[in-house]
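Listed below, chain by chain, are the residues.
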Amino acid sequence: MLHDSIDTSLLPTFPPEVLEEVKREGRIRALQPGEALFTEGQPDPDFFFVLSGEVRITRQQEGEEQVLAVHQPGEFAGELSLLTGGPARSTGRAMRPARVLQLRADAFRRMVMERSPLAKFALQAVVARHQEVEARVREQEKLAALGRMAASLTHELNNPAAAARRAADQLREESLAAQHRALSQERRLTEPQRKALTELVQALLVAPPQVQDALARSELEDALLEWLGDHGLQQAFSRASIFASAGMDVPHLDELGTLLEGPALQAGLTWLEATLSLAELGNVLVASTDRLTSLIAAVKQYTYQDQGTLQEVDLHSGLEATLAMLAHRMRGGVAVTRDYDTSLPKLWAHGSELNQVWTNLIENALDAMKDRGTLLVSTSRRGDEVHVEIGDDGPGIPEELQARIWEPFFTTKLLGQGTGLGLDIALRIVERHFGGRIHLQSKPGDTRFRVELPLKPELPH
């Protein structure tokens, strides 16, 4: 039995008459990290109120441990099994040192029969709790189905992507070899002239790609166009564009002009244009297949295929995979500023659920900026926690709305543009599944969501 001087702040949501029953009927237990209150399948589990610390509720789903909830002080656990009369449907363990108030199963059932204040109080929450648990299970089943679909799709795409990459390399090599064979048969050119053309192509193909702004590129094309026109060459505009893309400039043409004259110059530049054009097309194919391969890898990382259980995950890999998945929204004018603490250890977590948090927060930032602005992604360590910040330089969230953004279905977007569930889902995952927190700081030009996660929950392996 509890002492009458029990601090009522430990059970802030309990009406006075319920608290009196708690004092008479319950006993306090001190729990060490990982210690179980009840285990899945256990017959006739007791009823528990959390006084301090946190209690994690999990269930085995398709061979994996799924987190259903994390109960904070003032909340209770174990009521569903007591009311249904069956074995425990989940497992409850302390995440860190905790104190709980335990009511024996038979005492709780007696209170229900007597319609005591405590029983009425618990029953009012049963329906909502049951609906929440079932909704969580359905959500996890949908995520698992999505993961399996992504696994199947990426598996099917991986082989043709690798084959396309090999074919692109081979096509590039074969087309260039065919051009060199054609050059050896060009009778309008002497052997020294063919050698000069070959050496120029080799030098251009091995040189690193040049990054030119629009103005510099336009000026180079104009200079090449003028040179070609002065030498009476046809199709000068298309040639100037191809030569500029390959990194040729006027000195290159001047050097060729000293070696090639008349029909030889026309033949040499025609061959050069065709060869550089084929090389550029080959490079596009190689880059495209590389991009496809990297996207497949990003999908695998994003969904953490075949890795649904609690595990050590690389936080930065998950963030980068999420950025890759949302890259299509950033090409219009979003600059990503990364500030990563690369010394961070791996995080003990469910990787796919964390990536869902990053997706919701980053999409929220992109929506605020209208896909134009600066996106901040930073990581740091604070003691036994990892902090991740997602920020944007959008208009900010008005102070009067900041408390409401976590409400389900609340949104400031136009009808049909948002459901109002993104931040609610992120908050639920962080708080209830990882025992973490999310904080918001917002003013015009600087909005930041800070996610605080424990490095490793105190659960048995």
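Report on the accompanying structure. (Residues numbered from 1 in each chain as written. Predicted model: local features only at pLDDT ≥ 70, side-chain atom pairs only at ≥ 80, totals over all residues. Heavy atoms only, no water.)

Moving on, we come to the packing of helix H5 (residues 191–206) against helix H8 (residues 250–259). Running from N to C, H5 and H8 point in directions that differ by 165°, and their axes come no closer than 10 Å. As far as their axial angle goes, H8 and H5 are roughly antiparallel. As H5 packs across H8, the resulting crossing turns out to be right-handed. Side by side, H5 and H8 meet where Gln193, Ala196, Leu197, Leu200 and Leu204 of the first sit next to His252, Leu256 and Leu259 of the second. By residue class, the composition of the contact of H5 with H8 is six nonpolar, two polar and no charged. (Axes fitted to C-alpha atoms, helices over the stretch in contact; angles between N-to-C directions. Helix = DSSP H or I, 4+ residues; strand = E, 2+ residues; numbered from the N terminus. Parallel < 35°, antiparallel > 145°, perpendicular 65-115°, else oblique. Left-handed = near helix turned anticlockwise from the far one by under 90°. Contact = heavy atoms within 4.5 Å. Nonpolar A, V, L, I, M, F, W, Y, C, P; charged D, E, K, R; others polar.)

What follows covers the side chain of Glu389. Tracing the chain through its elements places Glu389 in strand S13 (residues 385–392). Classification of Glu389 as buried rests on a relative accessible area of 17%. Not counting residues up to four positions away in its chain, the partners in contact with Glu389 are Leu376, Val377, Ser378, Arg448, Phe449 and Arg450. (Buried < 20%, exposed > 50% of the residue type's maximum accessible area, 1.4 Å probe, protein only.)

On the basis of which strands lie adjacent, the open sheet formed by five strands has the order S10-S12-S13-S15-S14 and mixed pairing. Both outer strands of the open sheet, strand S10 (334–339) and strand S14 (437–443), are each paired with one neighbouring strand and no more. Each adjacent strand pair in this sheet contributes to an overall mean axis angle of 15°, direction not counted. (Pairing = 2+ DSSP bridges.)

Strand order in the open sheet made by the four strands is S1-S8-S3-S6, with antiparallel pairing throughout. The sheet is open, and its two borders are formed by strand S1 (27–31) and strand S6 (76–77), each paired with just one other strand. Here strand S3 (residues 47–52) pairs with strand S8 (residues 98–103) via five bridges, running antiparallel. The partner of Val50 across the bridge, within S8, is Val100.

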